[in-house]
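# Observations on the model geometry
These are the residues of each chain, in order.
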Amino acid sequence: MATGLHMTLEEVRKAVQTRGGNLACPICASEEFVMEEATVLGAGKQEAYGGHRLKRAQLICENCAFVINFDLARLERLAERR
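Now for a description of the structure that goes with this document. Everything quoted here is computed from the prediction, not taken from an experiment. (Residues numbered from 1 in each chain as written. Predicted model: local features only at pLDDT ≥ 70, side-chain atom pairs only at ≥ 80, totals over all residues. Heavy atoms only, no water.)

In most cases, non-glycine residues show a negative phi, while peptide bonds are predominantly trans. In this structure, Ala29 is a non-glycine residue whose phi angle is positive, near 70 degrees. Mapped onto the elements, Ala29 comes out in the loop between helix H1 (9-18) and strand E1 (33-42). On the accessibility criterion, Ala29 (55% relative accessible area) is exposed. In the Ramachandran plot, Ala65 falls in the positive-phi region, its phi being about 75 degrees despite a non-glycine side chain. When you line up the elements, Ala65 lands in the loop between strand E2 (52-61) and strand E3 (67-71). (Helix = DSSP H or I, 4+ residues; strand = E, 2+ residues; numbered from the N terminus. Buried < 20%, exposed > 50% of the residue type's maximum accessible area, 1.4 Å probe, protein only.)

Quick look at the structure:
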């Protein structure tokens, strides 16, 4: 598994599969995606907006352009448990 929250598309696919899922678009059922990493600025109850950076993987369907988001830190932790 990659470190530093930089996972590849295949690592994301494998992590989803180890949890019993199948990486397919919920709109068109395509299994072809491109992946972009994004940082989302979030906030908790005690923080100001932008006080917390969340690492996300955005999987974009090659067929219909639907976007699926994954929390990279959580997905990596789940994959390591298996």
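Alright, that's what it looks like, and here's the rest.
Bringing the pattern of salt bridges into the picture now. Evaluated as defined, the whole model comprises three salt bridges. Between Arg13 and Glu10 there is a salt bridge, and its shortest N-O distance comes to 3.5 Å. A residue pair is termed a helical-turn pair when its members lie 3 or 4 positions apart in one helix, as Arg13 and Glu10 do in helix H1 at three residues. The class for Arg13 is buried, based on a relative accessible area of 15%. In this structure, Asp71 and Arg56 form a salt bridge, with 3.0 Å as the shortest nitrogen-oxygen distance. In this pair, Asp71 sits in strand E3 while Arg56 sits in strand E2, placing the two residues 15 residues apart along the sequence. (Salt bridge = Lys/Arg side-chain N within 4 Å of Asp/Glu carboxyl O.)

Tracing the sequence through the fold places Glu11 in helix H1. The exposure class of Glu11 is buried, given its relative accessible area of 19%.

What the rule picks out here adds up to zero disulfides. We note that Cys28 lacks a disulfide partner, and the nearest cysteine sulfur, in Cys61, lies 3.5 Å from it. Its sulfur unpaired, Cys64 is 3.6 Å from the next cysteine sulfur, which belongs to Cys25. (Disulfide = S-S within 2.5 Å.)

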